[in-house]
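Structural overview for review
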Amino acid sequence: MQSYCSRRVLGTWPIIKCWDRYCAGGRIVAVSCCLLLCLAAITQSSRAASTASPLIHTKPYRVLLVVEHRSDPYGLVVNSETDKFQPVAALLKAWSVPFDILRLDQQHLDSSYLFRRSGGIRYGAVIWLADPASYGEQDIASLEEATRAGTSLIVVDSRFLDPTLDKLLGLKFKDFYTSTDTFQVTQERYITRDIAAGKNAPFAQSHDYSDRLWVQPTTAEILLAQGQHPILTVNQLGLETSAVWLGSPNLSVLCDSAFWRNLFFRSLVWGVGYVVVPNVDYAHRIILELDDWGTADKGFLSYWRYLEPSEETIRQDLIVPLQQHHAVASAEVDTGYVDRQSRRVVSPWTQKFSDLYGLHQDYASTRQGLKGAADAGVLDIESHGWTHMEPDLQSPPGPWWTADLRGEGSMVGWYAEFEDQRRGEEVPAVTQIYHMERSLAELQQDFGEQALELKPGNNSWSKSQFNNTAGLAARVGFGLFHGDKATYYLDHELVLDMADVVPDFNTAYDLLDVLNPERWPDHTDGPVILGFHDRDVALDHNFMERLFAALPTNYQTLGTNQYIGIIHTQINSSTDSDGFQLTFTQDNHYCAYFASHPSSWRLWLSDPLRKQLTASHLEVLIDDRPIKVGPADLDHESLTIDLPSGLGPHAWKLTATRNSKEP
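So, a few notes on the structure that sits alongside this text. (Residues numbered from 1 in each chain as written. Predicted model: local features only at pLDDT ≥ 70, side-chain atom pairs only at ≥ 80, totals over all residues. Heavy atoms only, no water.)

What follows concerns the sheet that holds strand E31 (residues 599–605). Within a sheet, each strand pairs with its neighbour through backbone hydrogen bonds, oriented either parallel or antiparallel. Overall, antiparallel pairing links the three strands, which are arranged E12-E31-E34 in an open sheet. Because the sheet does not close on itself, it has two edges, and the strands there are strand E12 (274–278) and strand E34 (638–643). Going from strand to strand, the sheet's axes swing by 25° on average, the running direction of each strand aside. With six bridges joining them, E31 and E34 adopt antiparallel strand pairing. Each residue of the ladder has a partner; that of Ser599, found in E34, is Leu643. (Pairing = 2+ DSSP bridges. Helix = DSSP H or I, 4+ residues; strand = E, 2+ residues; numbered from the N terminus. Axes fitted to C-alpha atoms, helices over the stretch in contact; angles between N-to-C directions.)

Listed below in structure tokens is the structure:
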């Protein structure tokens, strides 16, 4: 009986057969046992089906950057001048791809970095940027183990001088070479599809004599070649796991060149299976910043004198043009007014006087104008520091308080807050932090606004390990640091130079004719930041209109707080038997903008993952609310994800059931 019933437990007919056969013999108890056993088997099979592996197979949405070394011993600051891997880190941050950095000079690669405690892989891909002559005692075998478990490998600008790396890549490094031959697509795959279709043509190599890496394939396939030399190869290690080698001339071209940037991005999508990026046209976005609101120097410096804009001027010459152009800007505000008469730092908003040049200054009116602009939604209130002045105004060559404004008192170095230009020294960390905290507290008190950007006055700041102004700004809670020639992403664990991703320029009422936006570099992955001053609005009441006329007509503004919210949104993924989920976490500090504004994202899918999805009936939920997704949505390489306003986590979940026509 047992063997007979167990043959076809998922059907109904064996139960009936068992019933007929054993009831006839009067063995009711045995029949009942048989029936219960078969029903139990059916139930167990149903439960097994419900806990079976998910229909949609995805990898963890996180990558590991393997680098040779970092210039900051504490692993906080990434600087474009000293950290070779900075372009890749900046691109990943711009794309909102979560990543960790493993530095081979201080860390030992082993399975503890690559696997979770449960045994699952931690990373969808490892991006290998190291290129030493030897990897010493590094446990490269653990990387091979991770690739067998599903982690892809992307190697860029590296000779990969290790037998295990050779094996994974299916390549051997031979030598360096120089060539000016044109790149040719040898196989059309996902990574090279745009090139083959003529959308991302290789640029001319005729005058590029840079050293290149000559590699010889063993098992890898060549997708892109320069004559006989491979430029891009892929070694398929499994159905969903690959090892890609990209022979770029250096890492900076990944930011500077649309061609190399596209190859790297598509390699990442292919390796992980999917990538989620902000759905923002950064190539035509600009952040406008107006400096110096609240500073004292405009009332006594001969070369910087003007009337601080009043409430009426701000309304007519700033708010109205911004509203008419559906634009936003940022006011970089100083809340500490350095008063020479009392020799104290006081509130600027209580200052109402006639200055040395006979101009009637009314800072209280300025504050009302700024508040009105912020309330109208056209102005973000940000920090320009506390005083815009050297913290030590007493020591030689001071005291500044009594220095002749025609001589020592006019020296530019006195008007830099975060670097002691007058004495050729840095400003101590404890002093900088004090000034930052005073600025934040007083901006909150004066405007009811949480500033998220610090822009140091006079483009001066301290750069050493212990006094690094950007690092200190991250410590006190800023999310973005912007000097006139440097922009850093900030959080409590990372201070990342965004050089070559976020370009910045300056202009003025008398410099608009040399602005030349047509000469700006391409900036696909970050906005242009354009700085000017309250001075420009004060001296030219038509300045904002003239500025908009000088900008390309297809450019739109982007708010500083919106940009900070985008790059601080945390994205995680998970997969279960119900489907695939992306969780977007927007916290109440860095992402405060999204409390009352929606956000939009774009999910890029590799061919294998799209194939999985087209074989299924799909349902999409955003915060448990169904969203329509049809087969036509998968005809493209990406999907749009529109999230509602509101802070905290937002869940985008894709569930799939197998096509009813499948066996």
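On we go from here.
In this section: the packing of helix H13 (residues 429–447) against helix H14 (residues 469–476). In contact at an axis separation of 10 Å, H13 and H14 are set at 45° when each is read in the N-to-C sense. Between H13 and H14, the crossing angle belongs to the class labelled oblique. For H13 against H14, the interelement crossing comes out right-handed. Taking contact as the criterion, the partners of Ala429, Gln432, Ile433, Met436, Glu437 and Leu440 in H13 are, on H14, Thr469, Leu472, Ala473, Arg475 and Val476. Its residues assigned to classes, the contact of H13 with H14 shows seven nonpolar, two polar and two charged. (Parallel < 35°, antiparallel > 145°, perpendicular 65-115°, else oblique. Left-handed = near helix turned anticlockwise from the far one by under 90°. Contact = heavy atoms within 4.5 Å. Nonpolar A, V, L, I, M, F, W, Y, C, P; charged D, E, K, R; others polar.)

With five of its five residues buried, E12 lies for the most part within the structure. By the bridge criterion, five bridges tie E12 to E31 in an arrangement that is antiparallel. Its bridge partner lying in E31, Tyr274 is registered against Leu605. (Buried < 20%, exposed > 50% of the residue type's maximum accessible area, 1.4 Å probe, protein only.)

Further remarks concern the pattern of salt bridges. Applying the stated criterion across every chain yields a total of 29 salt bridges. Put simply, Asp131 and Arg159 hold a salt bridge, and the shortest N to O gap is 3.0 Å. Of this pair, Asp131 sits in the loop between strand E4 (125–128) and helix H6 (140–149) while Arg159 sits in the loop between strand E5 (152–156) and helix H7 (163–169), and the two are 28 residues apart along the sequence. On the basis of relative accessibility, which here comes to 17%, the residue Asp131 falls in the buried class. Under the relative-accessibility criterion, Arg159 is labelled buried at 18%. Here Arg189 makes a salt bridge to Glu221, at a shortest N to O gap of 2.7 Å. Here the residue Arg189 occupies a position in the loop between strand E7 (183–185) and helix H8 (193–196), and Glu221 occupies one in strand E9 (residues 221–226), the gap between them amounting to 32 residues. Here Glu221 falls in the partly exposed class, since its relative accessible area comes to 29%. (Salt bridge = Lys/Arg side-chain N within 4 Å of Asp/Glu carboxyl O.)

It is worth spelling out the sheet that holds strand E11 (residues 242–246) at this point. Judged by pairing direction, the sheet is mixed, and its eight strands sit side by side in the order E3-E1-E4-E5-E11-E10-E9-E7 without closing on themselves. Edge strands, defined here as strands with exactly one partner in the open sheet, are strand E3 (99–103) and E7. Adjacent strand axes in the sheet meet at a mean angle of 20° when their direction is disregarded. Of the strand pairs in this sheet, E5 and E11 are connected by four bridges, and their pairing is parallel. Its bridge partner being in E11, Leu153 is matched across the sheet by Ala243. Lying over the sheet, helix H10 (residues 258–272) contacts strand E1 (63–67), E4, E5, E7, E9, strand E10 (229–236) and E11, oriented at roughly 170° with respect to E11.

Further remarks concern the environment of Phe265. Following the sequence through the fold, Phe265 ends up in helix H10. A relative accessible area of 5% means that Phe265 is categorised as buried. As a C-alpha pair, Phe265 and Leu92 span 173 residues in sequence and 9.4 Å in three-dimensional space. Those residues within four positions of Phe265 in sequence are excluded, and the remaining contacts are Trp95, Val275, Val277 and Trp604.

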